[in-house]
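Secondary and tertiary structure notes
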Amino acid sequence: MSLLYLSRADVESLEISMSSVIDAVEEGFRRKGLGQTQMPPKTPIYPRGRITFLHAMPAYVAGVEAAAVKWVGGADDNRERGLPTITGLLILNDPVSMLPLAVMDCTWLTMMRTGAANAVAMKYLGPKAPQEMALIGCGVQGRSVLTAAKVVYPGLKRVRVYDVFPEAADKYIREMSESQQVEIIGAPDPKAAIIGADIVVTASTMPADAPPYIEESWIKPGAMAAPVDYNVGWHAEVFTAVDKFITDDVAQMEYYRETRGYFKGLPAAAELGDVVAGKLPGRESDEERTMSMCMGIAIDDAVTAKLIYGVALERGVGTELPL
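Attention here is on the structure that accompanies the text. Nothing here was measured: the structure is a model prediction, and the numbers come from that model.

1. Topic: the pattern of salt bridges
- Inspection of the entire model under this criterion finds 20 salt bridges.
- For the salt bridge of aspartate 301 with arginine 113, the shortest nitrogen-to-oxygen distance reads 2.7 Å. Linking aspartate 301 in helix H10 (residues 298-315) with arginine 113 in helix H3 (residues 107-125), this pair joins segments that are 188 residues apart in sequence.
- You can call aspartate 301 buried: its relative accessible area is 1%.
- A relative accessible area of 4% means that arginine 113 is categorised as buried.
- Ionic contacts of the salt-bridge type, sharing partners, join the residues Glu132, Arg158, Arg160 and Glu183 into one network.

Structural data, given as structure tokens:
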């Protein structure tokens, strides 16, 4: 009758590799494709309007036996407070007794599983040996996605980056060039970053009414696009022009289409889980243009939390608290 509390420092001290998180998330997608998961749509509240959110994100993954709910918040103006934009907690439960096993900070978890989900999409839909990546947005998720992409594509040679805050791009280039052992160069604008790239990642802020700027002609044959920021900034014709368009969860996409104003005019998408489970084909030719829309789903959180909990138990990390 106790639970394990894992602070952000506890979670980060475990130094779980991105490769391990990718493996866990890939298995979660496989189970989803096989119909072995339960995941209702996110339940949101907006305490200060649309610049803030709090989401309840529950999920259960059979086989992995991960049952969890993440209570995650975001505030676009936290940058002005010197605070992270995304914060929250996750509760992991025993799916037999239903008792809580652990409560953990979800900042590191959210960052890592987001990169991992996009890496799984790249594994199945991306080009075989991409040489250049474009990255728009040099924040936390931009770092996570590049870290994950380097696991899937260790031969990636160059990344062109752009951020509306030049100091953020400069810091990204300085730090990520060293940590990922890849050439990273700044671009003067998004078009210059994207033209000719084999993989295009956007990880900017996410106002639903942001004017689109990314044009279909910028995406070369054989390239993969991976928006982490929903459809923000992308002209709708890009989504209809690509050969394959997949998402991590169709129900969640429809929910955001109906309630938040995202994804208007976009075509129906297939699910990544069906691709991972072998029900649908992934990339079928070198010339295909593909797009993944990984919005971030609770299944990813649940399997990553189960991984964190197991490693923490093995290493004796965390604080036992009575129920």
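2. Some remarks on the sheet that holds strand E13 (residues 224-227)
- Taken together, the eight strands give an open sheet; going across it, the order is E11-E10-E9-E12-E13-E16-E14-E15, and neighbouring strands pair in parallel fashion. Two strands lie at the open edges of the sheet, namely strand E11 (183-186) and strand E15 (270-271), each paired on one side alone.
- Inspection of the sheet shows strand E9 (residues 132-136) paired to strand E10 (residues 158-162) by five bridges, in the parallel sense. What sits directly across from leucine 135, in E10, is valine 161.
- The sheet strands contacting helix H4 (residues 140-152) are E9, E10, E11 and strand E12 (199-202), and the helix crosses E9 at an angle near 165°.
- Along the sheet, helix H5 (residues 166-180) makes contact with E9, E10 and E11, crossing E11 at roughly 175°.

The rules behind the values
Residues numbered from 1 in each chain as written. Predicted model: local features only at pLDDT ≥ 70, side-chain atom pairs only at ≥ 80, totals over all residues. Heavy atoms only, no water. Salt bridge = Lys/Arg side-chain N within 4 Å of Asp/Glu carboxyl O. Helix = DSSP H or I, 4+ residues; strand = E, 2+ residues; numbered from the N terminus. Buried < 20%, exposed > 50% of the residue type's maximum accessible area, 1.4 Å probe, protein only. Pairing = 2+ DSSP bridges. Contact = heavy atoms within 4.5 Å. Axes fitted to C-alpha atoms, helices over the stretch in contact; angles between N-to-C directions.

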